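# Structure assessment
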Amino acid sequence: MSTTVATRQPHGRRALTPMQLLLHFAMLLCALSFLMPLFLVVSASFTSEKAISSNGYSLFPSKFSVAAYRYVISDPSQLIQSYGVSILVTFVGTVLSVLVMALLGYVLSRRNFKARRALSFYVLFTMLFGGGLVPSYILMTKYLHLQNTIWALILPNLVIPWNVLLLRTFFSQLPEGVLDAARIDGAGEWRTFFRIALPMATPAIATIGMFTMLMYWNDWWLGLLYIDNPALSPVQLWLYHILSSIDSVSQNPIFASGGAVPVQSVRMAVAVLAIGPIVAAFVFFQKYFVRGITLGGIRE
Amino acid sequence: MLESNARHGPAGATAVEVTAEPVLADDAAPAESSPRRAVRARRRGSRGSGVSLWLMALPGLALLFVFAYIPMAGIVIAFQSYSAVGGVFASPWVGLQNFAYLFSTSDAWRITFNTVFMNSLFIAANLVLALTIAIVLNELRGRWAWLSKFYQSVLFLPHFFSYVIVAYFALAFLDPQTGLLNKVLGFFGAAPVEWYSTPGAWPVILTVVSVWKGVGFWVIVYTAGILAISPELYEAAEVDRASKWQQVRHITLPSLTPLVILNVLLSVGGIFRADFGLFYLVTNNSATIYSTTDVIDTYVFRSLVNLGDIGMSSAAGVYQSIVGFVLILIANWLVRRRHADQALF
């Protein structure tokens, strides 16, 4: 056995060594256990309420049923409303955020811009120090009156300092000559930015855009603080309310229509409906996210 | 907390992302030796475009001013007896009374300990497991590489779920009646556990959740680090008949050390900021387990939103901001001593 391994090694990485097989086995177990929560929730959403009550959650439905989904779809008004809010906030937020951050990042990358250093520090400092929750909360509610407005879900997250600095780095790596040439040809700053710098930065913009989208879609924090009107509740906040009102489910609007409510399975079905878009986005755009992590990357 | 939210945003602040160029790098002086005419043209150009550049930067700068700098000034609230009527401008000053009150309670010690202790557990567990997995995945390149990619993807997936979703996942395991964990315990003849009122279990549970959600991110960071190691080192080691384990010990780990140190320092710089969603949502905000799960961020939130105690809440918030700031300064100073180009500032 050992001689075969020894003679094979010089030939390179063709055959798997026993060690590699073992590692594959360990990683496979690890990966499956990471997916287990997902299986558990999806399975629960397809299990009949009775089976959950008597057998608990299991990795495969002990008694298959789509009653939970039928129940959710029977009165989808809050589902549609919340999805609408989330989609609106995510779309408007991402477009505005990427635009504002790209503009700022671009200016900070300009070597002949005198205030570059000072303004970079102005951006950076907000990552190091903050006033905390109380002043922000009072500002938002008492002075800006943004409570229960759609803007409360958008404005506070528009400028993420770290993303600005990443964009700044990316813009500063564009060949200076191209931008100079555009200006010498008489293009103004705005035109140079939109016609030349922005298109050249598409990979970085796409990556930052993905992260921004994900941030807005997943945000429940701003909703928790500033929204108590169900009509403005994004998906994540709605899910939170369903989860936190376990003991008083009947008071929850979604469950109010009376009758025997399949609470346990409905809760999981709603969660699955919210997880769906995230998993889909992950499958299709994973490489952008991975690139985002290594963006600006390791240098030799 | 808004800031900490932003810091923990999807992009996350990590070492690998640390920009290729120090944030406050000195500007390279524009080519002095170029012909005078070109210099003059550039000067005229930049003077004319200065206004445009300021206009382009303005929206971002203004938003930061409103949502980051004004709240910084709002720290004064911690030194007032704040009333909704008086607001920030007319509430009476009380000096350090809010702080005196906060630190006279046992809460202050509890939330400080829990924040630092739990964050330490998370940092250590994530680091050890991410390094291990990254090294293992690297050994599995070559044949069946797609499986290796698959592992990496699966480990990264939880990074994309919000803590609300994670709370649902946790409930599927921990629900006392229907959860999987009690079912497994029952299978082995053990008594079911009321997880949401058993404080002792939560340091472990939260560490598991933190690793589940975070480790895939760090695996990518360290995989990128490993890929950046020169292959010649390994080829030389093969020639010298070094075992795989010797290669890991004498090439991979030493090569990753600077990256590890950098990440740990940055994480320690943020050790005073807890991940609010993890401690508030995954624990179901269950009051019976506060002894191990109450952290500064949840305390600030509860004091403000549930109790309306603005004095306590703002004092705890300022305490967190200031200690957190000092820790980040120290971390950055330590990073800069080793690798000036990797420092944040």
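Residues numbered from 1 in each chain as written. Chains lettered and ligands numbered in written order. Predicted model: local features only at pLDDT ≥ 70, side-chain atom pairs only at ≥ 80, totals over all residues.

### Some details on the UniProt feature "transmembrane region" (unreviewed entry) in chain B
All names here are of chain B. The UniProt record marks residues 51-70, 82-104, 116-138, 150-173, 180-198, 204-230, 251-272 and 317-335 with the feature "transmembrane region" (unreviewed entry), using the residue numbering of this structure. As annotated, residues 82-104 comprises 52% helix and 0% strand, and the C-alpha atoms at either end are separated by 20 Å. Secondary structure across residues 317-335 divides into 100% helix and 0% strand, with the first and last C-alpha atoms of the span separated by 26 Å. (UniProt positions renumbered as here; feature names shortened; annotations may be inferred. Helix = DSSP H or I, 4+ residues; strand = E, 2+ residues; numbered from the N terminus.)

### Things to note about the domain arrangement of chain B
All names here are of chain B. Domains assigned within chain B are domain 1 (31-94) and domain 2 (97-342). Each of domain 1 and domain 2 has a C-alpha centre, and the two are 34 Å apart. The interface of domain 1 with domain 2 comprises six residues on the first partner and seven residues on the second. Looking at the side of domain 1 that touches domain 2, its residues break down into five nonpolar, one polar and no charged. (Domains from an automatic or database assignment. Contact = placed C-beta atoms within 7 Å. Nonpolar A, V, L, I, M, F, W, Y, C, P; charged D, E, K, R; others polar.)

### Some words on the environment of Ala84(B)
All names here are of chain B. Secondary-structure assignment places alanine 84 in the loop between α2 (36-73) and α3 (87-90). C-beta crowding within 10 Å serves as the criterion here: with 11 such atoms nearby, alanine 84 is assigned to the exposed category. When the C-alpha atoms of alanine 84 and alanine 228 are compared, they prove to be 56 Å apart, with 144 residues separating the residues in sequence. (Buried ≥ 20, exposed ≤ 12 C-beta atoms within 10 Å, placed from the backbone.)

### A few points about the interface of chain B and chain A
Counting from both sides, the interface comprises 91 residues of chain B and, opposite them, 94 residues of chain A. Sorting elements by how many residues they give to the side of chain B that touches chain A places α2(B) first, with 18 residues. Residue composition of the side of chain B that touches chain A, by class: 61 nonpolar, 21 polar and nine charged.

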